[in-house]
Amino acid sequence: MIPDRAGGAVLARGEYEYRCNDDVAPLSEIWQVAQMSNGYEISSTRTVPSQSLVIRARAQVVSGSIARCWLRWCVQGGEECLATATYRGDRKRKAGGLYRFRRAGFPVRSVPVKEQHYFPLLRVFSGQLLGALAAEGGRGEVLVPWIQDPARSDRLFTPDFSLRTLEHLGVERGGDGGGRVDCYRYGGGQYENSAEYRLRDGLLLDYRWQQGEKIWHVLLKNVCGQWPGEKLWPHARPKPALTSAVHEGVGEEVVR
């Protein structure tokens, strides 16, 4: 069960809009980040009315990494919970972390998470994952809770490990909000055709990927407050060897 937030000042909030073949998809994903005494807390909720489901995530971020994270998969409009999961990081002692998951009607199971990265599904966490992969040369194994088929309730939140790759495509400057926008190609796992990401200060602005004949586009909107940037976690900026092109032109778009 996700514990109640223990207080703290909300610094920023926003949401992501999903589009499929240029049509707005009937789902919502909201998020907020709060400053706590020992770091930050991020909470996010994805609601999919067509499938009567809600995914909730809450994570404690300490020293640029996810220290604890709670996930819930619930039936919309009620408290019925079909799956839960928790993640505990332990990178300071280099003993690795622990991922625990439970589906309704099944006992709790645990798997160790050593050198693998953890991605708790919702888009506001993209910057942390891409930043971690960039710091390791653009390649690493990632644990993602399994949600590919909502009808398979017996598999929800089971650990799905896969090799992921990250390539820095270039930089945009100027545009809405100003500042540096880093552009990436991210592949592996379910991304057979790779996905293209744009981030500013570790916050996902938008990304695109193709799923069969469907082209998905996720866009950040309705942001208020001040995103903590590198105080929250390191920006997703790779080592120089990864960079394929960096342009300084104001307003110039590198990736399309």
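In the block above lies the structure referred to throughout.
No experiment lies behind these values; they were computed from the predicted model shown. (Residues numbered from 1 in each chain as written. Predicted model: local features only at pLDDT ≥ 70, side-chain atom pairs only at ≥ 80, totals over all residues. Heavy atoms only, no water.)

J.: Sorry, what's going on with the overall build of the protein here?
T.: Each helix and strand in the protein was counted, giving one helix and 16 strands. Taken over 256 residues, the protein has a buried fraction of 46%. The contacts in the protein between residues at least 6 apart in sequence include a share of 48% that link residues at least 24 apart. Counting every atom, the protein has about 12700 Å² of accessible surface; 46% of that belongs to carbon and sulfur. (Helix = DSSP H or I, 4+ residues; strand = E, 2+ residues; numbered from the N terminus. Buried < 20%, exposed > 50% of the residue type's maximum accessible area, 1.4 Å probe, protein only. Contact = heavy atoms within 4.5 Å. Areas by Shrake-Rupley, 256 points an atom, 1.4 Å probe, with all protein chains shown as cover.)

J.: What am I meant to see in the environment of D22 here?
T.: Residue placement: D22 occurs in the loop between β1 (9-20) and β2 (23-24). Residue classification places D22 among the exposed residues on the basis of a relative accessible area of 65%.

J.: Looking at this structure, I do not really get the pairing of strand β9 (residues 109-113). What am I missing?
T.: Remark: a regular strand shows side chains that alternate across the two faces of the sheet. Pairing of strand β8 (residues 97-103) with β9 involves five bridges; the strand directions are antiparallel. Bridging from a neighbouring strand, R100 pairs with S110 of β9. (Pairing = 2+ DSSP bridges.)

J.: Looking at this model, I keep getting lost on unusual backbone geometry. Mind explaining?
T.: The phi dihedral of D22 falls on the positive side, at around 75°, and the residue is not glycine. In this structure, D201 takes a positive phi of about 55° despite not being glycine. Considering the arrangement of structural elements, one finds D201 in the loop between β14 (191-200) and β15 (203-211).

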